[in-house]
Amino acid sequence: MVIRHYKTLMKQEFNAALTRKFFSKPYFWSSKDKKMIAVKAYGADDKDAALKEMTVKRRDLRDSDVHIDILYCGVCHSDIHAKNNDWGNAKYPIVPGHEIIGKVLEKGSGVTNFNVGDLVGVGCMVDSCQTCNACKDDLEQFCENGMTGTYNGKDRIGGADSAHTFGGYSTSIVVREEFVLTIPENLDTKAVAPLLCAGITTYSPLKHWNIKKGDKVGVVGLGGLGHMGIKFAHAMGAETVMITTSPDKAKDAKRLGADGVLISTNDGEIKQHTGSFDFILNTVPVSHDINPYLTLLKRDATMCMVGAIEPLKPMHGGNLILGRKSVAGSLIGGIKETQEMLDFCAEHDIVSDVEMINLDGINAAFDRVQNSDVKYRFVIDMQSFKS
Ligand code: NAP
Ligand code: ZN
């Protein structure tokens, strides 16, 4: 497998070098190139602009590429952060979408793992160097040479002149075979889409911290990530507590698998659970005070942050020192683990709870996600956009 990756990479690097030698711009970005694939998409030209219909270009297939007809795409809170330039790295136009489910339309001559018609998925990454220590450890998300995001990333083979990547709010996408996932056929396909980000982002830390029967696990924030965190922690056998700011979500939390519900704005409830959690998964998407959650941890326990990628409010050192506690972080998961998570879902009959929308409803959906009003993941049905 490693050798095949290496050979593919060398071939791609060689082709890219040839391209750079003979063309001032990579050939597949030339407007004269008839082979580029124009696709309909929804994107934004600016952080303050609404998303609107636009056309973007996909590269012609390289030997190792798969061209996917997109059926469904989940709406992640990260799509909103990215579009709003909350992380300061947005390149416009931006076409979000990294919870992609589709069918293989065509494949490059070197593709061996997929055939036309296969049901496949694409998550948050579409490429990485495949040679660094992180990639060799199946942790492409931490690629030392920078993984390529499904959108707002830079195509690493195309070179400096290459355009950035466009995501799944579109009719089709071209992706390197190694970053394409096999989707179990026994699950509700539209409800599988959110597993590609919300699923792996919550599954990976629960596995890394070895969550098992007998552990008490808290999940903070009942949104897209949080509802998957509850389902996974429950399926792994843990006693699971939903930690939420929304009392009206308590009933749903129990239906999703929570054994208990803690309303985080209620100091009395926080005190009741003090020092009792083995692990807390924090999915809150904005800066907030993590001190109350730290008091909930047992000695030697960990709270893993996956939500707020920004400065947090000051943390009191005593909340770590008095109990040898840890605060950690986690980023999505590698491709191998993402496939493992999909197989785990197939085995345990786990999918996301979804509300279906058409692409022209995306701006309203963004507003609702920002108001914590989503139950529990919007998924775009791409069919209406195609017809
Ligand atoms: P989401 O659907 O909007 O859910 C977030 C939930 O957090 C809300 O429903 C709400 O739940 C709670 N919340 C919101 N504001 C809060 C506040 N000020 N204080 C306390 N709780 C608050 O978002 P998501 O799609 O799950 O994404 C969550 C975050 O994870 C985003 O920032 C996203 O960018 C990030 N993310 C990270 C990774 C990674 O690899 N680390 C991957 C994907 C996404 P309650 O109503 O229950 O309180
Ligand atoms: Zn996401």
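Because the structure is predicted, anything quoted here is derived from the model rather than measured. (Residues numbered from 1 in each chain as written. Chains lettered and ligands numbered in written order. Predicted model: local features only at pLDDT ≥ 70, side-chain atom pairs only at ≥ 80, totals over all residues. Heavy atoms only, no water.)

**Student:** Give me the lowdown on the overall build of the protein, citing residues and values where you can.
**Tutor:** When helices and strands are counted, the protein shows 13 helices and 17 strands. Each of the 387 residues in the protein was classed as buried or not, and the buried ones make up 56%. A fraction of 68% describes how many contacts in the protein between residues 6 or more apart in sequence connect residues 24 or more apart. Accessible surface for the protein amounts to roughly 16,700 Å². Of this, 51% is attributable to carbon and sulfur atoms. (Helix = DSSP H or I, 4+ residues; strand = E, 2+ residues; numbered from the N terminus. Buried < 20%, exposed > 50% of the residue type's maximum accessible area, 1.4 Å probe, protein only. Contact = heavy atoms within 4.5 Å. Areas by Shrake-Rupley, 256 points an atom, 1.4 Å probe, with all protein chains shown as cover.)

**Student:** Break down the nonpolar core for me, citing the residues and quoting the values.
**Tutor:** Grouped together as the largest cluster of nonpolar side chains are 93 residues, with contacts concentrated most on Y169, F232 and I362. Ranked by size, the runner-up nonpolar core spans 16 residues in total, among them V220, I280, A301 and M305. (Core = buried A, V, L, I, M, F, W, Y, C linked by side-chain atoms within 4.5 Å.)

**Student:** Tell me about the sheet that holds strand β12 (residues 260–263), and please be specific about residues and values.
**Tutor:** The parallel open sheet is built from six strands, whose spatial order is β12-β11-β10-β13-β14-β15. Whereas interior strands pair on both sides, the edge strands pair on one side only; in this sheet they are β12 and β15 (326–329). Pairs of neighbouring strands in the sheet enclose a mean axial angle of 20°, with direction left out of account. In terms of strand pairing, strand β11 (residues 239–244) meets β12 through four bridges, oriented parallel. Within β12, the residue paired with I243 across the bridge is L262. (Pairing = 2+ DSSP bridges. Axes fitted to C-alpha atoms, helices over the stretch in contact; angles between N-to-C directions.)

**Student:** Hey, could you go over the environment of N145 for me, with residue numbers and the actual values?
**Tutor:** Of note, N145 is situated in the loop between α3 (133–136) and β7 (148–149). C-alpha of N145 to C-alpha of C132: the two residues are 13 residues apart in sequence and 7.4 Å apart in space. Beyond its immediate chain neighbours, meaning those up to four positions away, N145 contacts C129 and C132.

**Student:** Quick one: what's the story with the pairing of strand β10 (residues 216–220), residue by residue and with numbers?
**Tutor:** Two faces, one strand: in a regular strand the side chains alternate between the faces of the sheet. Of all five residues in β10, five are buried; the element is thus mostly enclosed. Side chains K216, G218 and V220 of β10 all project onto a buried face; the interleaved residues V217 and V219 project onto the opposite face, where all are buried too. Pairing between β10 and β11: five bridges, direction parallel. Its bridge partner being in β11, K216 is matched across the sheet by E239.

**Student:** Please provide a residue-by-residue account of the coordination of the zinc ion (ligand 2), values included.
**Tutor:** The protein atoms that coordinate the zinc ion (ligand 2) are C76 (SG), H98 (NE2) and C197 (SG), at distances spanning 2.0 to 2.2 Å. Within one chain, the residues serving as donors to the zinc ion (ligand 2) are arranged as C-x21-H-x98-C. Pair noted here: C76 is in the loop between β3 (65–74) and α2 (77–83) and H98 is in the loop between α2 and β4 (100–107), with a separation of 22 residues, a long-range link. A single burial state applies to C76 and to H98, both of which are buried. (Donors = N, O, S within 2.8 Å, 3.2 Å for Na, K, Ca; no water.)

**Student:** Could you give an account of the site of ligand 1, naming the residues involved and the relevant values?
**Tutor:** With respect to spatial proximity, 29 residues lie near ligand 1, and among them T244, T245, S246, K249 and R377 are the closest. Interatomic distance of 2.7 Å between a backbone N/O atom of L222 and an oxygen atom of ligand 1. Separating a nitrogen atom of ligand 1 from a backbone N or O atom of S330 is a distance of 3.0 Å. Taken by itself ligand 1 offers 920 Å² of open surface, and the protein chains cover 90% of this. (Near = heavy atom within 4 Å. Polar contact = N/O pair within 3.5 Å; in protein donor to acceptor, adjacent residues only side chain to side chain.)

**Student:** Could you give an account of the packing of helix α5 (residues 198–208) against helix α11 (residues 335–348), with specific residues and numbers?
**Tutor:** Their axes nearest at 10 Å, the elements α5 and α11 cross at an angle of 95°. The orientation of α5 relative to α11 falls into the category roughly perpendicular. Facing α5, whose interface residues are G199, I200, Y203, S204 and K207, α11 presents E337, T338, E340, M341 and F344. Here the residues of the contact of α5 with α11 sort into four nonpolar, three polar and three charged. (Parallel < 35°, antiparallel > 145°, perpendicular 65-115°, else oblique. Nonpolar A, V, L, I, M, F, W, Y, C, P; charged D, E, K, R; others polar.)

**Student:** So what's going on with the packing of aromatic side chains? Which residues, and what values?
**Tutor:** Inspection of the entire model under this criterion finds six aromatic pairs. Taken together, the ring pairs connect Y203, F232 and F344 into an aromatic cluster. Across the ring face of F385, the terminal group of K40 is positioned such that the distance to the ring centre comes to 4.5 Å. One cation-aromatic arrangement involves K216 over F277; the distance from NZ or CZ to the ring centre is 4.5 Å. (Phe/Tyr/Trp six-rings, centres within 6.5 Å; stacked < 30°, edge-to-face > 60°. Lys NZ or Arg CZ within 6 Å of the ring centre and 35° of its normal.)

**Student:** Break down the state of the cysteines for me, with residues and values.
**Tutor:** A full pass over the atoms with the stated rule returns zero disulfides. With no disulfide of its own, C73 has C76 as its nearest cysteine by sulfur position, at a separation of 9.8 Å. Taking the relative accessible area as the measure of exposure, C73 reaches 0% and is therefore buried. (Disulfide = S-S within 2.5 Å.)

**Student:** Describe the pattern of salt bridges, and please don't skip the residues or the numbers.
**Tutor:** Scanning the entire structure with this criterion turns up 22 salt bridges. Put simply, D45 and K52 hold a salt bridge, and the shortest N to O gap is 2.5 Å. With relative accessibility at 38%, the residue D45 sits in the partly exposed group. A salt bridge links D65 to R59, with the shortest nitrogen-to-oxygen separation between them at 2.8 Å. Of the two residues, D65 and R59, both sit in the buried class. A cluster of three or more residues bridged by salt bridges with shared partners is formed by R59, R62, D65 and D155. (Salt bridge = Lys/Arg side-chain N within 4 Å of Asp/Glu carboxyl O.)

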